[in-house]
Amino acid sequence: MKPTKTLLTVAALATAAGAVSAQEMTIVSWGGAYSKSQLKAYHEPYSEKTGVTILNDDSSAEAVAKLRAMNEAGNITWDVVDVVAADAIRLCDEGLALEIDPDTMLAPAPDGTPASEDFGDLLVSDCFIPQIVYSTTFGYRTDLVGDTPPTDVCAVFDLETYPGKRSLEKRPINNMEWALICDGVAKDDVYDVLATEEGQNQALAKLDTIKDSVVWWSAGADTPQLLADGEVIMGSTYNGRLFSVIEEQNQPVAMLWDAQVFDLDGWIIPAGLSEERQQQALDYIMFATDTQRLADQAKYISYGPARASSAPLVGQHADLGIDMAPHMPTDPNNAKNTFLYNYEFWADYRDDIDAKFQAWLAQ
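Description of the structure in this document.

The rules we used
- Residues numbered from 1 in each chain as written.
- Predicted model: local features only at pLDDT ≥ 70, side-chain atom pairs only at ≥ 80, totals over all residues.
- Heavy atoms only, no water.
- Phe/Tyr/Trp six-rings, centres within 6.5 Å; stacked < 30°, edge-to-face > 60°.
- Helix = DSSP H or I, 4+ residues; strand = E, 2+ residues; numbered from the N terminus.
- Buried < 20%, exposed > 50% of the residue type's maximum accessible area, 1.4 Å probe, protein only.
- Lys NZ or Arg CZ within 6 Å of the ring centre and 35° of its normal.
- 1 Å grid on protein atoms, 1.4 Å probe; cavity = no way out; pocket = protein on both sides within 12 Å on 5 of 7 lines; lining within 4 Å.
- Points joined across faces, edges and corners; volume = space filled by probe spheres on them.
- Nonpolar A, V, L, I, M, F, W, Y, C, P; charged D, E, K, R; others polar.
- Axes fitted to C-alpha atoms, helices over the stretch in contact; angles between N-to-C directions.
- Left-handed = near helix turned anticlockwise from the far one by under 90°.
- Contact = heavy atoms within 4.5 Å.

**A closer look at the packing of aromatic side chains**
Aromatic ring pairs are described here by two measures, namely the spacing of the ring centres and the angle between the planes.
Move 1: Under the defined criterion, the tally for this structure stands at 18 aromatic pairs.
Move 2: Plain terms: the ring middles of Trp217 and Tyr238 are 5.7 Å apart, the flat faces sit at 85° to each other, and that makes the pair edge-to-face. In this pair, Trp217 sits in strand β7 (residues 214-217) while Tyr238 sits in strand β8 (residues 234-238), placing the two residues 21 residues apart along the sequence. You'll find Trp217 and Tyr238 in the same group, each marked buried.
Move 3: Among the aromatic residues, those joined into a cluster by ring pairs are Trp30, Tyr34, Tyr134, Trp217, Tyr238 and Tyr303.
Move 4: Geometry around Trp360 places Lys211 over its ring, the cationic atom sitting 4.4 Å from the centre.

Right, dumping it as structure tokens:
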């Protein structure tokens, strides 16, 4: 999907005491229902408070490559970037992201608990400001799966029972893990196996069995659209995108939570910004990651807020009036058989396995 830029309306010029001077910021995210949730929970209130115009760029899928190129050119055009945790680790290791002191640069909880304690173990990198816990899982068309809807992730590889197209993300992450699980590798052994050339070949061989039936996606909004249009029988995407197509659009789609992959998403600030732009980015981050703002995002999409103090504030959907807690990936009924994503593995192996995966795709 071609990246787009959307100008967010500025509600008012900065008038509040302490507000930073009015200017533009470019904030990079993933588009679709997710960016809409950020617009409602973060961008619009921040613009109203400060007068800052926010340009929203939907290029997070290419964030690492683009930030590398910007750094090499000495021209950083982004101010705040939404990335998954493994990409944040890579960017931090390469010196492309600003290191964050959570207890001075992020807001404490309402009861005074320091941010470092409130975010806890989700602070997986010195440069990463967690925002949400989400999962990558599968949705399927309820009217296309017959009388036996899938309950197991390995249904994706079962072309006999579930013939038709399925959509998978055009990258190795998650696909390689699911392939090994469905080829008999125990979940606890997946990353040990995937660290070997033999294990990588095993995963690709399993994916070969459905390759001709796969529609490959790059943007999180692709699978929900493919499902809504009936172009695929099942497909992977982020659980919040499936919530949108099921609950908001009322499409004949259901969620397959089996082997959902838990992951973290959050902000980084690119290294190399001018002092003024860096201070503006830090001001935005302080605002957008406080306890109330993270809880507010859950009014618009079914991702769990990353702060412990935000969880009790999660209530009903802003428009539908339904309780959001049962739609979170962390709900006990949804988390019976999860797969835990290994951030450090992908930070270490991503470039090499990416190259191998793309070469396999081109065959």
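**Focus: empty space enclosed by the protein**
Move 1: Throughout the structure, instances matching the rule amount to 2 cavities of 30 Å³ or more.
Move 2: Approximately 70 Å³ is the volume attributed to the second largest cavity.
Move 3: Within the lining of the second largest cavity, the residues separate by chemical class into 7 nonpolar, no polar and 2 charged.

**With respect to the packing of helix α8 (residues 197-208) against helix α13 (residues 343-362)**
The relative placement of two packed helices comes down to the angle between their axes together with the axis-to-axis distance.
Move 1: Where α8 meets α13, the closest approach of the two axes is 11 Å, and the angle between their N-to-C directions is 35°. α8 and α13 meet at a crossing whose hand is right-handed. Residues Glu197, Gln200, Asn201, Leu204, Leu207 and Asp208 of α8 lie in contact with α13, whose contacting residues are Ile353, Lys356, Phe357 and Trp360.
Move 2: A breakdown of the residues in the contact of α8 with α13 according to their chemical character gives 5 nonpolar, 2 polar and 3 charged.

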